[in-house]
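Architecture at a glance
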Amino acid sequence: MSPSNPMNRRKDRIDSLAASTGGATGTALLEAGSVDEKPGVSLIASAWQRLRRNPVFLIGLGITLVFVVLALISPFLAPHDPADNPLISQVRTQSNPVPGPQPGFPLGGDDIGRDLLSRLLVGSQQTLIVGVVATVFGLTGGLVLGILAGAFGGWVDALVMRVVDVLLSIPSLLLAFSIAAIAARPSQLTVIIAVAAVQVPIFARLLRGSMLSQRSSDHVLAARALGVNQRAIVFRHMVPNSLGPVIVQSTLVLATSIIDAAALSFLGLGNPDDRQPEWGQMLGRAQQYIYDYPHLAIYPAVCIIVVALGFTLMGESLREALDPKSRR
């Protein structure tokens, strides 16, 4: 008798037992031993699946899309030229300094007879331009500093981070006010530069932290072991895999940029030409009538709050969907 016969008999008994169970038990055994062959899902696709079912993200996305569309087509939607004053004949300094709502002017006019609705619509375009351009400038500067610190390390990292620490130690609005006040003449460009300068250290620190975590990752270590040069490792492996948190942060920074730009314009540090309306500028001009005609301040203030809320809701939802530690 072969020495393997006892093992064969044991195998036969197990096979017969599995065959005799049949029915649901046999099916369960087959399912337990089967391999799930469904294709894998990328991080972006998985995040989008969660975002589609997230009402907070959908509300933020809806507000943002409405704001962007209105800003782009506002010159065509505005019923009147925001620089004209068709209601000037109704302005009475003592008895009626601000014309009220009337046919053709659903929100009334301002203190020099300009259509308030037209100025709100066209002002959205200026707000979008300042917010987006300032965020792009801040993101660009932050990427440069973050890549330098994260790629080289050593004294370069120490020098860049000390500059970033100094900038972060100053309150953001105070830093923006200081930069805007240095300009010889207030303008929209000074507002953009001031707001962008506030965002640079935020992006730099975030990207630098992401790149430092990438330096010890397996794919970077493998690339170094294969002899890939440092430049290729930085721009092909480290930077692309570090941009996720930075992109999410840029959505949140858009809301902050809009609020900071409105604050600078409110204080008179923005574009002095009020023929180009901007919500913060309109809010500042309305202060002299805040008690008798509060709607002049309420309308632009509500617009700023709602738009900032839309970007914030969308950014927080993106962060939660892309960050495994924050997923609920």
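For the structure, see preceding data.
Every chain begins its residue count from 1, and numbering advances along the sequence as written. Under the rules for a predicted model, residues below a pLDDT of 70 receive no local features and side-chain atom pairs below 80 are neither given nor counted, while totals for whole chains, interfaces and linings still include all residues. Heavy atoms from the whole structure form the basis of all side-chain values; hydrogens and water molecules are not counted.

Looking now at the overall build of the protein. Starting at the N terminus, helices and strands are each numbered in turn, a helix being any DSSP run of H or I of at least four residues and a strand any DSSP run of E of at least two. Looking only at helices and strands, the protein features 12 helices and 0 strands. The order of α-helices and β-strands along the protein, N terminus first, is α-α-α-α-α-α-α-α-α-α-α-α. Two residues qualify as a contact provided that any one of their heavy atoms is within 4.5 Å of a heavy atom in the partner residue. Relative to all contacts within the protein whose residues are 6 or more apart in sequence, the contacts with residues 24 or more apart total 72%. In this description, accessible areas are obtained by the Shrake-Rupley approach with a 1.4 Å probe, and a residue is regarded as covered only by the protein chains that are shown. Carbon and sulfur atoms make up 65% of the accessible area of the protein, which totals about 18,200 Å².

A general trend in soluble globular proteins is that nonpolar side chains are found buried together. Joining through side-chain atoms within 4.5 Å is the link that ties buried Ala, Val, Leu, Ile, Met, Phe, Trp, Tyr and Cys residues into a set, and such a set is a nonpolar core. Only protein chains enter the area calculation, which uses a 1.4 Å probe; residues under 20% of their type maximum are buried, those over 50% are exposed, and those in between are partly exposed. The biggest cluster of nonpolar side chains holds 27 residues, and the ones touching the most others in it are Phe67, Trp279, Leu296, Val307 and Phe311. Every element with two or more residues in this core is listed here: α4 (55–77), α5 (116–152), α10 (230–266), α11 (279–285) and α12 (295–322). At 8 residues, α12 tops the list of elements feeding residues into this core. Sequence-distant contacts of Val307, that is, excluding residues within four places in its chain, are made with Ile63, Phe67, Ile258 and Trp279.

Below, the discussion takes up a nonpolar patch on the surface. For patch detection, residues must exceed 30% relative accessible area and be free of salt bridges, and they are connected within 9 Å for like charges or within 5 Å for nonpolar side chains (Val, Leu, Ile, Met, Phe, Trp, Tyr). What makes a salt bridge here is a side-chain nitrogen of Lys or Arg within 4 Å of a carboxyl oxygen of Asp or Glu, nothing more. On the surface, a cluster of nonpolar side chains totalling about 670 Å² of accessible area is made up of Val66, Val69, Leu70, Leu72, Ile73, Phe76 and Leu77. With respect to the helices and strands, the residue Leu70 is situated in helix α4. We classify Leu70 as partly exposed; its relative accessible area is 33%.

What follows covers the pattern of salt bridges. Overall, the coordinates contain 9 salt bridges when judged by the stated rule. For Arg208, the salt bridge goes to Asp157, with nearest N and O atoms at 2.8 Å. Of this pair, Arg208 sits in helix α8 (residues 188–215) while Asp157 sits in helix α6 (residues 154–169), placing them 51 residues apart in sequence. For Arg285, the salt bridge identified is with Asp274, shortest N-O distance 3.2 Å. Taken together, the residues Arg285 in helix α11 and Asp274 in the loop between α10 and α11 connect sequence positions 11 residues apart. Within this structure, Asp110, Asp111, Arg114, Arg119, Asp274 and Arg285 form a network of salt bridges that share partners.

This part covers the packing of helix α7 (residues 172–182) against α8. Closest axis-to-axis distance for the α7/α8 pair is 8 Å, and the angle between their directions is 140°. Classified by chirality, the crossing of α8 by α7 is right-handed. In this structure, α7 contributes Ser172, Leu175, Ala176, Ile179 and Ala180 to the contact, and α8 contributes Ile193, Ala194, Ala197 and Val198. Note on geometry: axes are lines fitted to C-alpha atoms, helical ones only across the stretch in contact, with angles between N-to-C directions running from 0 to 180 degrees. Definitions for this section: a left-handed crossing has its near helix turned counterclockwise from the far helix by less than a right angle. A right-handed crossing has that turn clockwise.

Next up on the list: α7. Three or more residues of α7 are buried, namely Leu175, Ala176 and Ala180. Here the buried residues of α7 occupy an arc of 125° about the axis, which is enough to place them on one side. Facing away from the buried side of α7, by more than 90 degrees, are the exposed residues Ala181 and Ile182. Next to the buried residues of α7 lie α6, α8 and α10. As used here, the arc belongs to the directions running from the helix axis to the C-beta atoms.

Quick look at the layout of surface pockets now. Any residue with an atom within 4 Å of a point lines the site, the site being either a cavity, points on a 1 Å grid over the protein atoms alone where a 1.4 Å probe fits but cannot get out, or a pocket, an open set with protein on both sides within 12 Å along at least 5 of 7 lines. Grid points are joined across faces, edges and corners, and a volume is the space filled by probe spheres set on the points. Reported here for the second largest pocket is a volume of approximately 240 Å³. Every element with two or more residues in the lining of the second largest pocket is listed here: α4, α5 and α12. Tallied by class, residues from the lining of the second largest pocket come to 11 nonpolar, 1 polar and no charged. Residues are sorted three ways: Asp, Glu, Lys and Arg are charged, Ala, Val, Leu, Ile, Met, Phe, Trp, Tyr, Cys and Pro are nonpolar, and all the rest, Gly among them, are polar.

Time to look at the environment of Phe177. With respect to the helices, strands and loops of the structure, Phe177 is situated in helix α7. Phe177 sits 17 residues away from Ala194 along the chain, and the two C-alpha atoms are 7.3 Å apart. Setting aside chain neighbours within four positions, we find Phe177 in contact with Ala263, Leu264, Leu267 and Leu269.

Further remarks concern the side chain of Thr64. By the element assignment, Thr64 lies in helix α4. At 2.8 Å, the side chain of Thr64 and the backbone oxygen of Gly60 are in polar contact. Residues within four places of Thr64 in sequence aside, it is in contact with Gly310, Phe311 and Met314. Polar contacts, as used here, are pairs of N or O atoms within 3.5 Å; protein pairs need one atom able to donate a hydrogen and one able to accept it. Residues neighboring in sequence count only if both atoms are side-chain atoms.

Stacked, tilted and edge-to-face pairs are distinguished by plane angle, under 30 degrees for stacked and over 60 for edge-to-face with tilted covering the rest, among Phe, Tyr and Trp rings (Trp via its six-membered ring) whose centres lie within 6.5 Å. Per the counting criterion, the structure on display carries 3 aromatic pairs. Arranged with centres 6.2 Å apart and planes meeting at 85°, the rings of Phe67 and Phe311 form a pair that is edge-to-face. Of the two residues, Phe67 is situated in helix α4 and Phe311 in helix α12; the sequence distance between them amounts to 244 residues. Residues Phe67 and Phe311 agree in their burial class; the two are buried. Both rings, one in Tyr289 and one in Tyr293, keep their centres 6.4 Å apart while their planes meet at 70°; by these two values the pair is edge-to-face. There is no split in this pair, since Tyr289 and Tyr293 are both buried.

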